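Next come the chains, spelled out residue by residue.
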Amino acid sequence: MAEEGKFFDCTIISPDRIFYEGKVEFLEMTSSEGEMGIYKAHVPTTCMIVPCVVNLYEAEEKKEAAIHAGFAEILQDKVTIMAEIAEWPEEIDENRAREAKVRAERRLKEGGSETNMPRAELALKRSLARLQLIKK
């Protein structure tokens, strides 16, 4: 077993549940500023999370989840992620994610004054995060 002193508490909360609670050695995610890797004793910070795959490195295994925006509070011995939506790979419907990707790409391509471009871009990013997770 890995050295206990290397681990920190991690909690991922979505509106409908406590999605994940455990001890991790390393956490990877994408913030609005770019990709982040977090170890214990990280500089305390708060950041916005964009749709991405979050990698949780526990003592014996790596877990992956799709996060669809939110924010993270990073302390030296704990990370709390408040996610708009959080999904495990087995919770994702691949056909639905592919259809969402096609719809978002069509909206972005066609554009027009009726199209909410930021919303279409976000929908595309969410579908890509889901598809990236289930392809692994």
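A brief look at the structure comes next. Throughout, a residue's number is its position along its own chain's written sequence, starting from 1. Given that the model is predicted, a residue must reach a pLDDT of at least 70 before its local features are reported, and side-chain atom pairs must reach 80 or more before they are shown or counted; all residues, however, enter totals for whole chains, interfaces and linings. Water and hydrogen atoms play no part in the side-chain values, which are based on all heavy atoms of the structure.

In this scheme, patches are assembled from residues that exceed 30% relative accessible area and form no salt bridge. Like charges are connected within 9 Å, while nonpolar side chains (Val, Leu, Ile, Met, Phe, Trp, Tyr) are connected within 5 Å. Accessibility throughout is a Shrake-Rupley quantity obtained with a 1.4 Å probe, and a residue counts as covered only by protein chains that appear here. Note on definitions: salt bridges are taken to be side-chain nitrogens of Lys or Arg within 4 Å of carboxyl oxygens of Asp or Glu. All tallies of charge rest on Lys and Arg as positive and Asp and Glu as negative; His and the ends of each chain are not included. Every charge is mapped to an atom, namely NZ of Lys, CZ of Arg, CG of Asp or CD of Glu. A contiguous patch of positive charge on the surface is contributed by Arg96, Arg103, Arg106, Arg107 and Arg119. The numbering of helices and of strands both runs from the N terminus, where a helix is a DSSP run of H or I of at least 4 residues and a strand a run of E of at least 2. A per-element tally of the positive patch places helix α1 (residues 94–110) first, with four residues. Along the chain, the position of arginine 119 falls in helix α2 (residues 117–135). Classification of arginine 119 as exposed rests on a relative accessible area of 64%. Categorising residues by exposure relies on relative accessible area from a 1.4 Å probe, with only protein chains included: less than 20% of the type maximum marks a residue as buried, more than 50% marks it as exposed, and the intermediate range marks it as partly exposed.

Stacked, tilted and edge-to-face pairs are distinguished by plane angle, under 30 degrees for stacked and over 60 for edge-to-face with tilted covering the rest, among Phe, Tyr and Trp rings (Trp via its six-membered ring) whose centres lie within 6.5 Å. Tallied over the entire structure, the rule returns four aromatic pairs. Arranged with centres 6.3 Å apart and planes meeting at 70°, the rings of tyrosine 20 and tryptophan 88 form a pair that is edge-to-face. Here the residue tyrosine 20 occupies a position in strand β2 (residues 17–24), and tryptophan 88 occupies one in the loop between β10 (86–87) and α1, the gap between them amounting to 68 residues. A relative accessible area of 5% means that tyrosine 20 is categorised as buried. Ring geometry for phenylalanine 26 against tyrosine 57: centres 5.5 Å apart, planes inclined by 40°, an arrangement best described as tilted. Taken as a pair, phenylalanine 26 in strand β3 (residues 26–31) and tyrosine 57 in strand β6 (residues 52–57) lie far apart in primary sequence, 31 residues in all.

Right, let's talk about the pattern of salt bridges for a bit. The final tally for this structure, using the stated rule, is nine salt bridges. Note that glutamate 64 and lysine 62 form a salt bridge whose closest N and O atoms lie 3.3 Å from each other. Under the relative-accessibility criterion, glutamate 64 is labelled buried at 16%. A salt bridge links glutamate 87 to arginine 130; its shortest N-O distance comes to 2.8 Å.

Bringing the side chain of serine 14 into the picture now. With respect to the element layout, serine 14 can be found in strand β1 (residues 8–14). A distance of 2.7 Å separates the side chain of serine 14 from the side chain of aspartate 16, its partner in a polar contact. Pairs of residues are marked as contacts when any of their non-hydrogen atoms sit within 4.5 Å. Dropping the residues within four chain positions of it, serine 14 is found in contact with Ala83 and Ala86. We define a polar contact as two N or O atoms separated by no more than 3.5 Å, with the added condition that, inside protein, one atom must be a possible hydrogen donor and the other a possible acceptor, whereas residues neighbouring each other in sequence contribute only through side-chain atom pairs.

What is shown is where atoms sit, not what they do.
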